[in-house]
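# A closer look at the structure
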There are 2 protein chains.
Amino acid sequence: MTYQAPIRDIMFNIEHLPPEPEGASTGGIDLADMEAALDGLGRFCSDVIAPLSRVGDEAGARLKGAEAVLPEPYSQAYEQFAEMGWQSLPHPEKFGGMGLPRAAAAAATEILNASDLSFGLCPLLTDGAVEALLLTGSDAQKQKYLERMISGQWSGTMNLTEPQAGSDLGRVRCKAEPTADGTFAVSGTKIFITYGEHGLTENIIHLVLARTPNAPAGPKGLSLFIVPKFLVEEDGTLGGRNAVTCVSLEHKLGVRASPTAVLEYDGATGFLVGEENRGLEYMFVMMRAARFAVGVQGVAVSERACQHALQYAQDRVQSRPVDGSTKDAAPIIRHPDVQRMLLRMRALTEGGRALAIATAGWLDMAKQGSSDAEEMAEFLVPLVKAFCTERSLEVTSLGVQVHGGMGFIEETGVAQFYRDARILPIYEGTTAIQANDLLGRKVLRDGGATARRFAGLVQETEQSLQGGNAQAQAVAKRLSEARQMFEVSLAWLLETAGKDPNAAYGGSVPFLMLTGNLAAAWQLGRSVLAASTKLEQNENTAFMAQKIATAVFYAQHILVECGAEHLRITEGSTSLGDAAVNF
Amino acid sequence: MTYQAPIRDIMFNIEHLPPEPEGASTGGIDLADMEAALDGLGRFCSDVIAPLSRVGDEAGARLKGAEAVLPEPYSQAYEQFAEMGWQSLPHPEKFGGMGLPRAAAAAATEILNASDLSFGLCPLLTDGAVEALLLTGSDAQKQKYLERMISGQWSGTMNLTEPQAGSDLGRVRCKAEPTADGTFAVSGTKIFITYGEHGLTENIIHLVLARTPNAPAGPKGLSLFIVPKFLVEEDGTLGGRNAVTCVSLEHKLGVRASPTAVLEYDGATGFLVGEENRGLEYMFVMMRAARFAVGVQGVAVSERACQHALQYAQDRVQSRPVDGSTKDAAPIIRHPDVQRMLLRMRALTEGGRALAIATAGWLDMAKQGSSDAEEMAEFLVPLVKAFCTERSLEVTSLGVQVHGGMGFIEETGVAQFYRDARILPIYEGTTAIQANDLLGRKVLRDGGATARRFAGLVQETEQSLQGGNAQAQAVAKRLSEARQMFEVSLAWLLETAGKDPNAAYGGSVPFLMLTGNLAAAWQLGRSVLAASTKLEQNENTAFMAQKIATAVFYAQHILVECGAEHLRITEGSTSLGDAAVNF
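What you are looking at is a predicted structure, and each value in this text was computed from that prediction instead of being measured. (Residues numbered from 1 in each chain as written. Chains lettered and ligands numbered in written order. Predicted model: local features only at pLDDT ≥ 70, side-chain atom pairs only at ≥ 80, totals over all residues.)

## Comments concerning the overall build of chain A
Counting its secondary structure elements, chain A contains 19 helices and eleven strands. Here the C-alpha atoms of chain A give a radius of gyration of 24 Å, agreeing with the 25 Å that 2.2 N^0.38 yields for 583 residues. In terms of overall dimensions, chain A has a C-alpha envelope of 80 × 55 × 55 Å along the principal axes. Sequence separation of at least 24 residues holds for 76% of the intrachain contacts in chain A that already meet a minimum separation of 6. (Helix = DSSP H or I, 4+ residues; strand = E, 2+ residues; numbered from the N terminus. Rg over C-alpha atoms; globule rule 2.2 N^0.38 Å. Contact = placed C-beta atoms within 7 Å.)

Dropping the structure here:
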């Protein structure tokens with residue numbers, strides 16, 4: 001199960017796709033330094049992490065008493081991961097981090113998760129918890145927890161879901177009773193807690209949503225608590241075991257080495273984060289980071305599937321080419337439909353990567369205080385989460401298909417990518433939740449202003465492409481068409497949502513998929529512009545030619561799906577409503 | 001894991017979708033009798049087979065020495081299945097069969113496979129072997145084998161694949177040496193043999209492709225042999241064990257209770273079927289039956305996924321409806337996107353079923369000697385195989401999505417449908433193989449004549465729909481548009497294939513998916529006509545209204561995808577070719 005980090009494509013994206021092409025998102029860090037860091041991570045992942053994925057899938061995480069036992073080689077691998085400082089890559093230098101910009105962090109997340117989604121989930125959750133504490137923790141809390149989390153010595157989790165409260169967090173029942181010493185006694189059951197229990201790190205810092213005694217009902221009565229697995233003394237050493245117990249691990253379709261815990265809190269000592277009743281708001285900080293990262297996981301598993309499929313297609317000899325170019329059976333990569341599948345996989349993967357890295361640039365600009373960038377980032381994050389993960393289902397499925405019967409055999413390894421990917425459009429907010437977020441909070445709330453600004457940016461790229469060669473113009477043609485479908489759909493949604501919310505929200509996922517498709521194509525359009533310039537300068541010509549060819553393929557094979565999405569939204573709302581009456 | 005056979009929809013299809021609506025395909029058998037038979041099978045499957053699927057998936061098939069051991073309850077279930085005579089349903093009365101028409105047989109295949117794909121594969125392969133022997137076996141061979149296969153006492157297999165010969169059967173190396181007594185000594189390794197070894201039946205009749213000593217190289221040097229696991233004496237009793245050994249079973253992504261065997265033939269006694277070197281031709285008979293049946297498996301697993309998702313959506317309470325109709329959290333079926341997912345699942349399932357049952361009618365007409373019907377059946381079978389199975393991936397994936405996080409937990413059971421379905425677009429000829437078959441043999445070979453006749457039939461339905469109410473006209477509108485895209489694509493393919501076969505075959509799968517989509521929508525259009533008449537007669541009004549609403553939904557949400565397929569074929573061929581250069 002080999003894997004090579006796609007450093008060249010990643011660096012192309014980091015260099016050319018920040019919101020302002022002058023390199024705003026590099027945060028003053030030299031591209032060469034970033035490349036060196038990512039290359040180092042890439043080599044570590046190829047050597048140490050990628051070989052874990054099969055082993056981990058076969059062994060799975062197992063509960064022994066109340067301890068989650070991970071597949072054996074995970075411990076040593078995690079130790080190396082932490083020692084080499086990879087957990088610290090995106091975090092502030094003040095707490096021991098490397099302080100790399102978010103585009104590089106996204107690339108690191110991709111590389112790690114392409115190697116093994118199950119392994120990658122532990123650092124991913126820690127990143128989210130660090131982000132939440134950075135923004136909402138007290139100075140004392142930051143002091144106490146951050147450095148050890150950023151070093152990878154401790155990990156973090158998010159505890160939201162309960163049996164009756166999945167997408168609907170207003171139904172959370174977990175309780176937090178104030179105690180005499182100013183802490184809280186947290187009680188209740190949390191389910192689906194990723195890395196909720198494990199022995200990779202000395203301590204686990206749970207961030208838990210719970211309800212204080214007189215809190216209002218619903219989502220506005222939730223508070224956020226730090227509940228460490230082991231209490232932490234003033235000097236930073238570990239104290240007693242807290243009253244949180246893992247009572248079960250789930251048997252899952254995929255990411256089987258990642259322990260998904262049911263946690264019982266039985267009067268566990270919790271520390272309030274920020275103010276009471278603002279827990280959900282704080283948790284959204286963590287969720288935004290986690291949602292973005294899950295979108296990147298979609299790109300990651302897609303890239304892994306691409307590499308395996310390409311290799312197999314080059315090796316497997318079967319049937320004569322249809323063009324009669326040889327009388328002998330040829331490697332299947334010579335067959336047009338295999339090429340079509342591989343190109344679809346590659347185009348979707350590169351499109352998703354471009355979207356994610358560009359979005360990282362907007363997130364960094366937002367952090368620097370730009371409210372325009374903040375709005376654009378908020379608009380793009382649900383696209384990264386839902387579009388890249390939904391597409392990863394298609395890419396990993398095609399990966400199986402390219403392998404034919406061998407793809408269905410677990411030992412081949414590509415069936416695992418298909419299984420692993422299936423959680424991505426579900427956790428951290430399902431695709432429907434992302435679509436509601438996009439339509440409700442990011443589009444309707446500002447009357448479509450950000451959405452129109454987005455369309456304007458796409459249009460600028462179209463115009464630049466129209467001045468280019470035939471390939472650039474081919475991309476511009478479909479980009480322009482898709483952007484217009486986006487605008488028509490947007491106008492319809494703005495018009496309809498108030499008077500017929502069911503009709504509007506019945507089109508929310510098609511709208512998200514249309515917008516995600518357009519946003520990815522937009523970034524590939526920008527790639528065409530950058531690659532054309534490089535080609536003129538005779539730089540990396542094979543790579544640049546491939547970037548452009550992939551973008552044209554994307555425009556003509558994938559972006560054209562926007563036509564159907566647009567009809568589903570506008571025309572399809574009535575038939576959806578009519579047919580749903582029969583339920 | 002409950003399951004209810006959708007008898008009403010099945011009977012609606014059988015009654016209204018034969019090629020000639022006067023009921024040509026019922027073969028003189030009363031609809032009420034057919035319904036009684038299918039209803040009986042449905043009850044047996046709900047009670048006995050459906051509960052096997054989870055058990056079978058968990059236990060899997062295991063090799064013990066050279067014997068494949070199936071999950072324990074399979075034996076008794078199979079015994080009951082055979083005793084009740086279900087294996088005999090589609091086969092000629094002359095050999096003990098019930099002689100039901102193919103539409104009813106397709107329905108029976110659906111019901112059995114919806115209950116458990118792993119179980120259903122054994123009878124499915126036996127059906128194919130019976131079909132091959134009926135058409136190509138000698139009288140003595142028919143006498144010897146057919147009755148016991150049709151009774152379910154013995155099962156059948158097809159042995160095609162070898163490690164180096166998957167889609168490319170010309171590479172088969174398995175040898176058959178003539179012996180003094182007129183039999184052949186068959187030697188070689190066959191892989192991916194479904195139910196190649198098991199103890200459910202007393203004997204297994206392998207049909208094996210092998211090469212006689214002086215046979216020409218390639219596909220035209222293959223002969224077909226009967227190689228029984230136990231030799232059969234003249235009086236029909238079992239003789240000695242033949243030299244065929246199961247050396248391994250595959251560990252698979254899905255259909256885990258179905259034993260997928262590696263078989264070693266070591267001078268096993270084989271009996272030539274028909275003439276030497278015509279084996280592949282004979283095997284195609286078996287393959288056509290098996291391909292059609294695998295398409296029906298796609299409908300089956302889709303139906304099962306639909307039933308589970310609908311049930312869960314009615315039971316699971318989460319979040320307030322977006323229309324503000326209640327202040328409390330509601331069953332998730334009240335949320336528009338859940339409705340959209342469920343309707344998509346239902347529309348794809350009903351569309352696939354309609355296509356399969358209509359195709360069964362053409363197959364029956366062909367059997368009665370109509371060469372027009374033969375051509376149409378040949379055109380439709382690859383659509384049933386590839387379209388219904390590819391769509392089953394989408395339906396089972398949506399089934400997981402409707403369940404949210406619970407869908408990813410194996411105990412819920414719906415992840416299994418997602419895993420099981422993944423083999424369907426691969427075995428019995430991948431989607432690309434079906435698309436090559438469609439384009440090469442069924443479209444180009446007759447210069448598009450059958451394809452144009454197909455389009456003409458669609459157009460007739462459009463015209464009838466145009467005379468109907470607003471819903472019928474809505475279906476007609478999209479049907480007409482899709483049919484025109486089919487015609488434009490067809491013209492382009494006919495024009496291009498000769499001069500640029502790579503360009504044409506790069507569009508073969510999009511063309512198949514376009515054509516399958518159109519063919520399913522055509523049948524749903526015919527359903528609208530039939531249901532409208534019933535509605536006017538006040539018959540089963542709720543069911544008929546739902547049939548119509550589902551068809552409109554299909555037209556506006558699924559049929560609209562033909563636009564993208566058409567662009568992929570015509571415009572997209574260049575970008576495919578350009579991008580593929582970089583491999």
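## Description of the relation of the copies chain B and chain A
With an RMSD of 0.0 Å, the operation that places chain B on chain A is a rotation of 180 degrees combined with a shift of 0.0 Å along the axis. With respect to symmetry, the two chain copies, as superposed, fit the operation of a two-fold axis. A share of 99% of the interface residues of chain B reappears at the interface of chain A, consistent with the copies meeting face to face through the same patch. (Least-squares fit on C-alpha atoms with pLDDT ≥ 70 in both.)

## Here's the deal with the packing of helix H14 (residues 470-496) of chain A against helix H18 (residues 562-570) of chain A
All names here are of chain A. Interhelical geometry of H14 versus H18 gives an angle of 10 degrees and a closest axis separation of 10 Å. It follows that H14 is roughly parallel to H18 by the angle criterion. Between H14 and H18, the residues in contact are Ala-482, Met-485, Val-488, Ser-489, Trp-492 and Leu-493 and Cys-562, Gly-563, His-566, Ile-569 and Thr-570, respectively. Looking at the contact of H14 with H18 residue by residue, the class counts come to seven nonpolar, four polar and no charged. (Axes fitted to C-alpha atoms, helices over the stretch in contact; angles between N-to-C directions. Parallel < 35°, antiparallel > 145°, perpendicular 65-115°, else oblique. Nonpolar A, V, L, I, M, F, W, Y, C, P; charged D, E, K, R; others polar.)

## A short note on helix H4 (residues 73-83) of chain B
Residue and element names in this part refer to chain B. The set of residues buried in H4 consists of Tyr-74, Ala-77, Tyr-78 and Phe-81. Buried residues of H4, viewed axially, fall in a sector of 100 degrees; they line one side. Away from the buried face of H4 by more than 90 degrees, exposed residues Gln-76 and Glu-83 are located. Buried residues along H4 sit in contact with helix H2 (31-49), helix H3 (52-59) and helix H6 (117-136). Directly after H4, the chain includes Gly-85, whose backbone phi takes a positive value near 85 degrees. (Buried ≥ 20, exposed ≤ 12 C-beta atoms within 10 Å, placed from the backbone. Arc of directions from axis to C-beta.)

## Here we look at the environment of A:Arg316
Residue and element names in this part refer to chain A. Position of Arg-316 among the secondary structure elements: in the loop between helix H8 (279-315) and helix H9 (336-367). In this structure the C-alpha to C-alpha distance between Arg-316 and Ile-333, which are 17 residues apart in sequence, comes to 8.3 Å. Once residues within four sequence positions are removed from consideration, Arg-316 is found in contact with Pro-331 and Ile-332.

## Some thoughts on unusual backbone geometry
With phi around 55 degrees, A:Phe192 is a residue other than glycine that occupies positive phi space. Topologically, A:Phe192 is positioned in strand E5 (residues 184-194). Positive phi is not limited to glycine here, since B:Asn538 has a value of about 55 degrees.

## Digging into the nonpolar core
Core analysis: the biggest nonpolar cluster contains 412 residues, and A:Phe225 and B:Phe225 have the highest contact counts within it. When residues no more than four places from it in sequence are discounted, the contact partners of A:Phe225 are A:Ala176, A:Phe184, A:Val186, A:Val208, A:Ala210, A:Gly270, A:Phe271, A:Leu272 and A:Val273. (Core = buried A, V, L, I, M, F, W, Y, C linked by C-beta atoms within 7 Å.)

## Let's talk about the interface of chain B and chain A
Each partner contributes to the interface: chain B provides 71 residues, whereas chain A provides 70 residues. Considering every element that reaches the side of chain B that touches chain A, the biggest residue donor is helix H17 (residues 541-557) of chain B, with eight residues. Residues of the side of chain B that touches chain A, tallied by class, amount to 33 nonpolar, 24 polar and 14 charged.

## Details of the domain arrangement of chain A
Residues and elements named next belong to chain A. Assigned domains of chain A: these are domain 1 (7-149), domain 2 (154-276) and domain 3 (448-583). When each unit is reduced to the centre of its C-alpha atoms, the spacing between domain 1 and domain 3 is 31 Å. Listed by partner, the interface residues are four residues for domain 1 and six residues for domain 3. Looking at side-chain class alone, the side of domain 1 that touches domain 3 contains two nonpolar, one polar and one charged residues. (Domains from an automatic or database assignment.)

## Here's the deal with the packing of helix H10 (residues 371-402) of chain B against helix H11 (residues 414-421) of chain B
Residues and elements named next belong to chain B. Running from amino to carboxyl end, H10 crosses H11 at an angle of 160 degrees, the nearest separation of the two axes being 8 Å. Accordingly, the angle class assigned to the pair H10 and H11 is roughly antiparallel. Relative to H11, the crossing made by H10 is left-handed. Contact residues: Ser-392, Leu-393, Thr-396, Ser-397, Gly-399 and Val-400 in H10; Val-414, Ala-415, Phe-417, Tyr-418 and Ala-421 in H11. Taken together, the residues that form the contact of H10 with H11 break down as seven nonpolar, four polar and no charged. (Left-handed = near helix turned anticlockwise from the far one by under 90°.)

## Digging into the environment of B:Ala555
All names here are of chain B. In this fold, Ala-555 is placed in helix H17. We classify Ala-555 as buried; it has 28 C-beta atoms within 10 Å. Ala-555 sits 80 residues away from Val-475 along the chain, and the two C-alpha atoms are 5.6 Å apart. Sequence-distant contacts of Ala-555, that is, excluding residues within four places in its chain, are made with Ala-474, Val-475, Arg-478, Leu-479 and Ala-521.

## A look at the pairing of strand E11 (residues 260-273) of chain B
Consecutive side chains of a regular strand alternate in pointing toward one face of the sheet and then the other. All names here are of chain B. Of all 14 residues that make up E11, ten are buried, and the element is covered over most of its length. Note that strand E5 (residues 184-194) and E11 share nine bridges and pair antiparallel. When the sheet's bridge partners are listed, Thr-189 is paired in E11 with Glu-264. Relative to E11, strand E7 (residues 223-228) runs antiparallel, the two being bridged by three bridges. By the bridge assignment for E11, Phe-225 is matched with Leu-272. (Pairing = 2+ DSSP bridges.)

## Notes on the environment of A:Glu131
Residue and element names in this part refer to chain A. By secondary structure assignment, the location of Glu-131 is in helix H6 (residues 117-136). By the C-beta count within 10 Å, which is 20 here, Glu-131 ends up buried. Considered as a pair, Glu-131 and Ala-77 are 54 residues apart in the sequence and their alpha carbons are 24 Å apart. What Glu-131 contacts, discounting residues up to four positions off in sequence, is Val-285, Met-286 and Ala-289.

## Observations regarding helix H3 (residues 52-59) of chain A
Residues and elements named next belong to chain A. Among the residues of H3, those classed as buried are Leu-52, Ser-53, Gly-56 and Asp-57. Each buried residue of H3 lies within a common arc of 125 degrees when the element is viewed along its axis, so the set occupies one face. The first or second residue beyond H3 is Gly-60, which carries a positive phi of 70 degrees.

## Observations regarding the pairing of strand E3 (residues 154-159) of chain A
Residue and element names in this part refer to chain A. Within E3, six of the six residues are buried, which leaves it mostly tucked inside the rest of the structure. Of the two faces of E3, the one holding Trp-154, Gly-156 and Met-158 and the one holding Ser-155, Thr-157 and Asn-159 are both buried throughout. As paired strands, E3 and strand E6 (residues 203-210) are joined by six bridges and run parallel to one another. When the sheet's bridge partners are listed, Met-158 is paired in E6 with Leu-207.

## Some thoughts on the confidence of the model for chain A
Residues with a pLDDT of 70 or more make up 98% of chain A, whose mean pLDDT is 96. Interface scoring of the predicted complex returns ipTM 0.97; its pTM is 0.98. (pLDDT = per-residue confidence, 0-100.)

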